[in-house]
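# Observations on the model geometry
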Amino acid sequence: QSTVQIYGTIDEFAGRLTTETATTRSSSTVLNNGGMTTSFLGFRGTEDLGGGLRAVFALETFIRADTGAIGRNDADPFWGRLSIVGLEGGWGKLTLGRHVTPYSLATTLNTPFVGSTTLSPVFAHVYNLNLQGGTRFDNGVQYSLPRLGGFAADFLYSMGRENATPSVDRKRDRAFEAVGSYTTGPAKLTAGYHYINLNNAGDDHDQNAWMVAGTYDFGVIKVNAQHHRVREQSTTIATNARRRTTEAGVTIPVGAGSILATYVRSSMRDASPATPDGRRSFSIGYDYNLSKRTDIYTAYYRDRLVNPMTQQTILAAGVRHRF
Amino acid sequence: QSTVQIYGTIDEFAGRLTTETATTRSSSTVLNNGGMTTSFLGFRGTEDLGGGLRAVFALETFIRADTGAIGRNDADPFWGRLSIVGLEGGWGKLTLGRHVTPYSLATTLNTPFVGSTTLSPVFAHVYNLNLQGGTRFDNGVQYSLPRLGGFAADFLYSMGRENATPSVDRKRDRAFEAVGSYTTGPAKLTAGYHYINLNNAGDDHDQNAWMVAGTYDFGVIKVNAQHHRVREQSTTIATNARRRTTEAGVTIPVGAGSILATYVRSSMRDASPATPDGRRSFSIGYDYNLSKRTDIYTAYYRDRLVNPMTQQTILAAGVRHRF
Amino acid sequence: QSTVQIYGTIDEFAGRLTTETATTRSSSTVLNNGGMTTSFLGFRGTEDLGGGLRAVFALETFIRADTGAIGRNDADPFWGRLSIVGLEGGWGKLTLGRHVTPYSLATTLNTPFVGSTTLSPVFAHVYNLNLQGGTRFDNGVQYSLPRLGGFAADFLYSMGRENATPSVDRKRDRAFEAVGSYTTGPAKLTAGYHYINLNNAGDDHDQNAWMVAGTYDFGVIKVNAQHHRVREQSTTIATNARRRTTEAGVTIPVGAGSILATYVRSSMRDASPATPDGRRSFSIGYDYNLSKRTDIYTAYYRDRLVNPMTQQTILAAGVRHRF
């Protein structure tokens, strides 16, 4: 008989979006997807092979629930959220396929708006126009250590553009990430590293990133912080860039929900005077649990790029259902 | 554990299609999708939140089962049939996402070929080149009244092209529909309203439609009728149009199945002498139930546009399986 | 309640691909999909209608698990593996929709690398640039005889490009296949026929193919052989071609797995001196079963086209999980 589990999340919000520059201002009322979690549908299974060995697989497809489209955007493949098969045992877990990157998980799990890519400023700071390769790697091999006390670690390698022509471009998109975390009582510490080869016709273009993050749960309040340093370089000086991002946030349980608040700032240094030099963003919200699987939320998010200034704000009220 | 229900319908028919104009005639033998119901696959679930409150979601994808393609046509998104999440209680039901329009449901439920978009002439009269916005609205909020006696009502609002540039085009596709019905014993009365903003660069283009429909089940025969009036206008006179559609049909139980017969006629008035002025169509068929979930059917459908004349006929024999 | 079964296979391998011509050589390390079975996800169901009659349906989508894309390639529709509905009884089985062709099943089941399209040379010889219409027919009607002793037979007819304009092109892709097999104890014999109309603007282009195949299981070794003859012709002499393919292979149980080895050679005769005249290929591998549903495998595959020479080799190690 079938042992396949179906699961997923549908999350939608009504909201008011405003975009401003120094001279213009434009607003619209929207019904949008994924305020707290980008909607998705998944299929997964586990088979016990005996001797502590298990076979595992998972397939997950993003959903733009407001319009019925698949993917976070039109560039995503159907199984763009996850597409893996592998083996798991006392020695750890080895999977092949398209993986979520450990670095992106470490970023979005160490913030009050856990998993959000819409209302969580740290995601925009680290991933929008910043960390190359995105949050998913194709053609990947991931190894995860077995849980040892409070210690966990994931290593992901991507083969990149395997069969590209000319063959020098096969290096492009080869990428590696490693993330380790240590949890003890109310405290959790995370450190991560990201590398991606962006080689284009032999220009030695690549990008490195490092991050540290910590959370501490005092009970009446949970605090979190994270810091990222990203360096991109090539023999073509124009693409050299350094970016730093720092977040500090709190999660305060109130009633059946939590108040969520966070502030993120980044500095961006590159050779182009036209691109922004800094980013200052915050988000504050209340997430109310109707059950363990269903919650309603409201949030106000402001994301400001500095010099030149562009600002986007979102006022949102939504519902998220996990199944 | 998972509470997700998988459901759907696969419907295919072998048939003979003939297209005629005053001077030409062309036929082909086909294996086509969805004679009675456009094939689809769905996933849905309900969570009891306590206090009479429930969370609901549904995802449905159309299938062209003859070729394995998704969608009714290439323009459909993957979850093009339905993509919603919401809450339901004693106060009614509120859902967000891509909805089937109440007006299209009222049209296709009040005809002998229930739900058919291929062999049911009223669907072609009301939706093909007529009612704008189609049978699905993106970016929608739907509210349904709780059932009160025999009374039911649905209200659907769509945000339209939310972020269009220039912002004047954000009005485009904003749409609203309201449909109420009253059922008492063998009789059911339905009334509906449709509005869509078709604004293009400030031309105040929009469309209104009204409908009434009724069915009465005498036991040995069930009769139905519906009437639609559609008005489209803009400051550009060329798009002004009025269309009226009237259907009368019967469903006659015979053995384990039913004879289905219906006649539909429309008048179309617009500024263009090149477009047809009228449409006269009928369909007659027999639908035989092998079980509650599986039926086989045969039908003859003739759809004729008048002045200039174009006529399509379909002779079909098919099988439909619900799961 | 739902009676839908979810099933499928995820198969991925890490490998080294090398492509050579007389003057060039290029290698790459890859993480690829489907060494033994092209990954897929399926939904199917059966309804007992009484009197020995059953309704059946199946929907299957190919998965490129290494990147999360759907389809074997970008040309495949979503339900490209299978999309059928039909009835089954004592008289046999009749299904409508997109079918896997009986000829391709007969080809890939009578080889040691059962079902493989990546590491099995006979698939490349028969289908790559050879048998037209591929392994799936749209707009098809399939009839299968009821099992009579060891005898089985499948007949598939495709309507082709049903509504093509001009109507002379509606013949294009009309296709028919018939495959019969007889199993008795350790022996199985299979014979198949393939026809496809490739008409283009009335050039009477079509293709015929015949095959015979046999397997015999001696217990300590299973041997198999198959032979194909393909003839393509039109009133335009340039497309006339004759191709012959012969395979001989063995499957040797060793421990919890099997050694698989096969050799395939083809001769290709056509009017073009630029296209290869022959093909010589082999594959050798070991497939180890971790359970009935999960196996790991390694294989070395060499596919050589002759005059002019082009050669591809794959060294692969992978995991396959069925669910």
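Above: the structure in question.
For the structure given in this document, a descriptive report is provided here. (Residues numbered from 1 in each chain as written. Chains lettered and ligands numbered in written order. Predicted model: local features only at pLDDT ≥ 70, side-chain atom pairs only at ≥ 80, totals over all residues. Heavy atoms only, no water.)

## Here we look at the interface of chain A and chain C
What counts is decided by this rule: Contacts are assigned to residue pairs that have any heavy atoms within 4.5 Å of one another. As used here, buried area is the combined drop in accessible area, with a 1.4 Å probe, of two parts when they are placed together. What counts as a salt bridge is simple: a side-chain nitrogen of Lys or Arg found within 4 Å of a carboxyl oxygen of Asp or Glu. Counting of polar contacts relies on pairs of N or O atoms within 3.5 Å, with two restrictions inside protein: one atom must be capable of donating a hydrogen and the other of accepting it, and residues adjacent in sequence are counted only when both atoms are side-chain atoms.
Opposite the 30 residues of chain A that make contact, chain C presents 31 residues. Of the roughly 2600 Å² buried at the junction of chain A and chain C (both faces included), carbon and sulfur atoms supply 67%. Looking at the side of chain A facing chain C, the largest losses of area belong to A:Glu47, A:Trp79 and A:Val85, adding up to 19% of the total buried there. For the pair chain A and chain C, the number of links is zero salt bridges. In this structure, the connection of chain A to chain C is made through twelve residue pairs in polar contact (both at pLDDT 80 or more).

## Overview of the packing of aromatic side chains
Two measures describe an aromatic ring pair: the distance that separates the ring centres and the angle between the ring planes. Under the convention used in this document: Stacked, tilted and edge-to-face are the three classes applied to pairs of Phe, Tyr and Trp rings, where Trp contributes its six-membered ring and a pair requires centres within 6.5 Å; stacked means planes under 30 degrees apart, edge-to-face means over 60, and tilted covers the rest. Any residue under 20% of the maximum accessible area for its type is buried, any over 50% is exposed, and the rest in between are partly exposed; the area is computed with a 1.4 Å probe on protein chains only. Sitting over a ring, as applied to charges here, requires NZ of Lys or CZ of Arg to be within 6 Å of the ring centre and within 35 degrees of the ring normal.
With the rule as written, the count across this model stands at 36 aromatic pairs over all chains. Taking 6.4 Å as the distance between ring centres and 40° as the angle between the ring planes, the aromatic pair formed by C:Tyr286 and C:Tyr288 counts as tilted. Take C:Tyr286: its relative accessible area is 27%, and that puts it in the partly exposed class. Exposure remark for C:Tyr288: the relative accessible area of 33% places this residue in the partly exposed category. Across the ring face of A:Tyr7, the terminal group of A:Arg44 is positioned such that the distance to the ring centre comes to 3.7 Å.

## Describing the environment of B:Gln312
Residue and element names in this part refer to chain B. Going by this rule: Helix and strand definitions follow DSSP, with helices as H or I runs of at least four residues and strands as E runs of at least two, each counted in order from the N terminus.
Within the element layout of this structure, Gln-312 appears in strand β18 (residues 310–322). Judged by relative accessible area, Gln-312 falls into the partly exposed class, the value being 29%. The spacing of Gln-312 and Thr-3 is 309 residues in sequence and 45 Å in space, taken between C-alpha atoms. Every residue in contact with Gln-312, bar those within four places of it in the chain, is listed here: Leu-17, Thr-18, Thr-19, Tyr-301, Arg-302 and Asp-303.

## Side note on the interface of chain A and chain B
With 32 residues of chain A at the interface, the matching set in chain B holds 30 residues. Taking both partners together, chain A and chain B bury about 2600 Å²; carbon and sulfur atoms supply 67% of that area. Connecting chain A to chain B are zero salt bridges. Scanning the region where chain A abuts chain B turns up twelve residue pairs in polar contact (both at pLDDT 80 or more). Of all elements in the fold, only β1 (5–21), β2 (25–33), β3 (40–50), β4 (53–64), β5 (69–70), β17 (294–306) and β18 (310–322) of chain A reach the threshold of two or more residues within the side of chain A that touches chain B. Broken down by element, the residue count for the side of chain A that touches chain B peaks at seven residues, all from β2(A).

## Quick look at empty space enclosed by the protein
Put simply, the rule is: Cavities and pockets were defined on a 1 Å grid built from protein atoms only: a cavity is a group of points that admits a 1.4 Å probe but offers it no way out, a pocket is an open group of points flanked by protein on both sides within 12 Å along at least five of seven lines, and a lining residue is one with an atom within 4 Å of any such point. Grid points are joined across faces, edges and corners, and a volume is the space filled by probe spheres set on the points.
Summed over all chains, the structure comprises one cavity of 30 Å³ or more. Of the pockets and cavities examined, the largest cavity occupies roughly 80 Å³. Along the wall of the largest cavity there are 15 residues; nearest its centre are A:Phe78, B:Phe78, C:Phe43, C:Phe78 and C:Trp79. Contributing elements (two or more residues each) for the lining of the largest cavity: β3 of chain A, β3 (40–50) of chain B together with β3 (40–50) of chain C.

## Regarding the environment of A:Gln311
All names here are of chain A. Within the secondary structure layout, Gln-311 lies in strand β18. Looking at Gln-311, the relative accessible area reads 8%, which means it is buried. Within the local environment of Gln-311, its side chain forms a polar contact with the side chain of Arg-304, the two groups lying 2.6 Å apart.

## Observations concerning a nonpolar patch on the surface
For clarity, the threshold we go by: Put simply, a patch holds well-exposed residues, over 30% relative accessible area, that have no salt bridge, with like charges counted together within 9 Å and Val, Leu, Ile, Met, Phe, Trp or Tyr side chains within 5 Å. Methods summary: accessible areas were calculated by the Shrake-Rupley approach with a probe of 1.4 Å, and residue burial reflects only the protein chains presented.
A cluster of nonpolar side chains, contributed by A:Val254, A:Ile259, A:Ile284, A:Tyr300 and A:Leu315, occupies part of the molecular surface with about 380 Å² of accessible area. Within the fold, A:Leu315 resides in strand β18.

## What to know about the relation of the copies chain A and chain C
Note the cut-off: To superpose the copies, least squares is applied to the C-alpha atoms of every residue with a pLDDT of at least 70 in both.
Least-squares fitting of chain A to chain C yields an RMSD of 0.0 Å, with the superposition described by an axial translation of 0.0 Å and a rotation of 120°. Viewed as a symmetry operation, the transformation between the two copies matches a three-fold axis. Each copy contacts the other with its own distinct surface, as only 10% of the interface residues of chain A are interface residues in chain C too.

## A word on the nonpolar core
Quick reminder of the rule: To form a nonpolar core, buried Ala, Val, Leu, Ile, Met, Phe, Trp, Tyr and Cys residues must be joined to one another through side-chain atoms within 4.5 Å.
Core analysis: the largest hydrophobic core is formed by 65 residues, its most contacted members being A:Leu41, A:Phe43, B:Leu41, B:Phe43, C:Leu41 and C:Phe43. If we skip the residues at most four places from it in the chain, A:Leu41 touches A:Ile6, A:Tyr7, A:Gly8, A:Leu59, A:Glu60, A:Thr61, A:Ile63, A:Phe323, B:Phe43, B:Leu59 and B:Trp79.

## Here we look at the pattern of salt bridges
Any two side chains of opposite charge can pair, on the condition that their charged atoms come close. Taken as a whole and judged by the stated rule, the model has 36 salt bridges over all chains. With a closest N to O distance of 3.8 Å, A:Glu232 and A:Arg243 form a salt bridge. Taken together, the positions of A:Glu232 in strand β13 (residues 222–233) and A:Arg243 in strand β14 (residues 241–254) put the pair eleven residues apart, joining distant regions of the chain. Its salt-bridge partner being B:Arg98, residue B:Asp76 comes within 3.5 Å of it at the nearest N-O pair. Of this pair, B:Asp76 sits in the loop between β5 (69–70) and β6 (82–89) while B:Arg98 sits in strand β7 (residues 92–100), and the two are 22 residues apart along the sequence.

## Digging into the pairing of strand β1 (residues 5–21) of chain B
Residue and element names in this part refer to chain B. Operational definition: When DSSP locates at least two bridges between a pair of strands, those strands are taken to pair.
Of the pairings in the sheet, the one linking β1 to β3 comprises five bridges and is antiparallel in character. Looking across to β3, one finds that Gln-5 is bridged to Arg-44. Summarising the sheet, β1 and β18 pair through 13 bridges and their orientation is antiparallel. Its bridge partner being in β18, Phe-13 is matched across the sheet by Gly-318. Strand direction decides the pairing type here: β1 and strand β2 (residues 25–33), joined by nine bridges, are antiparallel. Bridge pairing in β2 places Phe-13 opposite Asn-32.

## Focus: the relation of the copies chain A and chain B
Least-squares fitting of chain A to chain B yields an RMSD of 0.0 Å, with the transformation described by 0.0 Å of translation along the axis and a rotation of 120°. In this assembly, only 9% of the residues forming the interface of chain A have copies in chain B that are likewise at the interface, indicating a heterologous arrangement.

## Points about the side chain of B:His321
Looking at the element boundaries, B:His321 is found in strand β18. Within the structure, the side chain of B:His321 is placed 2.8 Å from the side chain of B:Thr294, a separation counted as a polar contact. The contact partners of B:His321, leaving out residues within four places of it in the chain, are B:Gly8, B:Thr9, B:Ile10, B:Arg293, B:Thr294, C:Glu47, C:Ala55, C:Phe57 and C:Val85.

## Things to note about unusual backbone geometry
Cis geometry is adopted by the peptide bond preceding A:Pro308, which originates at A:Asn307 and carries an omega value of 0°. With respect to the helices, strands and loops of the structure, A:Pro308 is situated in the loop between β17 and β18. Positive phi, normally seen in glycine, also occurs at B:Ala201, with a value near 55°. Not every positive phi belongs to a glycine, and B:Asn307 is a case in point at roughly 60°. Here B:Asn307 is to be found in the loop between β17 (294–306) and β18. By relative accessible area, which is 47% here, B:Asn307 ends up partly exposed.

Note that all results are geometric; they support no functional claim without further evidence.
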